[in-house]
Amino acid sequence: MATPDFILALREKIGHGPLWLSGVTAVVVHEGRVLLVKRADSGAWTAITGIIDPGEQPADAAAREVLEEAGIEAVPERLAMVHVTDPVVYDNGDRTQYLDLVFRFRWRSGDPRPADGENTAARWFPLDDLPAMTDDMRDRIAIAVATEPAARFLVSELPADHGRRMS
């Protein structure tokens, strides 16, 4: 399913205006390899991404997306990163930006395949031989496969007046 029903309902009210959404990136690792999908819309190789449904737990959303998009059952190991994506403008004019939660997952079962029509391919890649992809996606994968035990939070520089009281 490309666009969840709750977003279609919101778009009926706000049109193409900017929409702030919560998303997930699932970086699934197995035997020194990472699961990637080739997106049908752009042809880009990416880790699996998706939108969190209202009331859905983020790790559950990521596991659901892995199963829906690649036919793989995977288990979340840790939250690896919290960041805000650059704004996205879709071909139809919809504007969106995501608070993205990047999870590291481990493979449980299944063989990768493009399971839901959002992707044209799904396969394992050695971590040292990834296909061409955006720097942002490469960073998400690198942070997820790193051995850091805690999540990484991307922080922008604070403005000079941050924390000052307004009189």
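Criteria and thresholds
- Residues numbered from 1 in each chain as written.
- Predicted model: local features only at pLDDT ≥ 70, side-chain atom pairs only at ≥ 80, totals over all residues.
- Heavy atoms only, no water.
- Helix = DSSP H or I, 4+ residues; strand = E, 2+ residues; numbered from the N terminus.
- Rg over C-alpha atoms; globule rule 2.2 N^0.38 Å.
- Buried < 20%, exposed > 50% of the residue type's maximum accessible area, 1.4 Å probe, protein only.
- Contact = heavy atoms within 4.5 Å.
- Areas by Shrake-Rupley, 256 points an atom, 1.4 Å probe, with all protein chains shown as cover.
- Lys, Arg positive; Asp, Glu negative; His and termini not counted.
- Charge placed at Lys NZ, Arg CZ, Asp CG, Glu CD.
- Pairing = 2+ DSSP bridges.
- Polar contact = N/O pair within 3.5 Å; in protein donor to acceptor, adjacent residues only side chain to side chain.
- Salt bridge = Lys/Arg side-chain N within 4 Å of Asp/Glu carboxyl O.
- Core = buried A, V, L, I, M, F, W, Y, C linked by side-chain atoms within 4.5 Å.
- Expected span 1.5 Å × (residues − 1).
- Arc of directions from axis to C-beta.

**Some details on the overall build of the chain**
Helix and strand counts for the chain stand at 3 helices and 9 strands. Here the C-alpha atoms of the chain give a radius of gyration of 17 Å, agreeing with the 15 Å that 2.2 N^0.38 yields for 167 residues. Looking at the chain as a whole, 37% of its 167 residues are labelled buried. The long-range fraction of contacts in the chain, counting pairs at least 24 apart against all pairs at least 6 apart in sequence, stands at 70%. Accessible surface, the chain as shown: approximately 9,800 Å² in total, 53% of it carbon and sulfur. Here the chain contributes 18 positive and 27 negative side-chain charges, whose respective centroids are spaced 3 Å apart.

**Examining the pairing of strand S5 (residues 73-84)**
In regular strands, side chains alternate between the two faces of the sheet. Pairing geometry for S5 and strand S7 (residues 95-109), over 10 bridges, is antiparallel. The residue of S7 that forms the bridge with valine 84 is leucine 99. Judged from the 2 bridges that link them, S5 and strand S9 (residues 152-153) form a sheet pairing that is parallel. Within the sheet, the bridge partner assigned to valine 82 lies in S9 and is phenylalanine 153.

**Considering the side chain of glutamate 65**
Assignment of secondary structure puts glutamate 65 in helix H2 (residues 58-70). Judged by its relative accessible area of 7%, glutamate 65 falls in the buried class. A distance of 3.1 Å separates the side chain of glutamate 65 from the side chain of arginine 64, its partner in a polar contact. Other than its neighbours up to four places away in sequence, glutamate 65 contacts Ile48, Thr49, Gly50, Ile51 and Ala70.

**Brief notes about the environment of valine 27**
Within the secondary structure, valine 27 is located in strand S1 (residues 18-30). Sequence separation of valine 27 and threonine 134 is 107 residues, and the distance between their C-alpha atoms is 15 Å. What valine 27 contacts, discounting residues up to four positions off in sequence, is Val34, Ala47, Val102, Phe103, Arg104, Phe105, Arg140, Ile141, Ala144 and Val145.

**Let's talk about the pattern of salt bridges**
Using the criterion set out here, one finds 12 salt bridges in the structure. Of the charged contacts in the structure, one is a salt bridge between arginine 64 and glutamate 68, with a shortest N-O distance of 3.2 Å. Of the two residues, arginine 64 and glutamate 68 are both situated in helix H2; the distance of 4 residues between them amounts to about one turn of the helix. Given the relative accessible area of 31%, glutamate 68 is considered partly exposed. Salt bridges sharing partners connect three or more residues here, namely Asp53, Glu56, Arg64, Glu65 and Glu68.

**Here's the deal with the nonpolar core**
By size, the foremost hydrophobic cluster in this structure holds 19 residues, and its most contacted members are Val28, Leu35, Ile48, Val66, Ala70, Ile72 and Phe105. Elements with a minimum of two residues in this core: S1, strand S2 (33-39), H2, S5, S7 and strand S8 (119-126). Considering each element in turn, this core owes the most residues, 4 residues, to H2. When near neighbours in sequence (up to four residues on either side) are disregarded, isoleucine 48 contacts Val24, Thr25, Ala26, Leu35, Val37, Glu65, Val66, Glu69 and Ala70. Counting 16 residues, the second largest nonpolar core, distinct from the first, contains Val27, Ala47, Leu130 and Ala144.

**Quick notes on H2**
Between its terminal C-alpha atoms H2 stretches 18 Å, which fits the 18 Å expected from 13 residues at 1.5 Å a residue. Taken together, the buried positions of H2 are Ala61, Ala62, Glu65, Val66, Glu69 and Ala70. Within H2, the buried residues cover an arc of 140 degrees as seen down the axis, which keeps them to one side. For H2, the secondary structure elements touched by its buried residues are S1, S2, strand S4 (48-51), S5, S7 and S8. Positive backbone phi, at 70 degrees, marks glycine 71, one or two positions downstream of H2.

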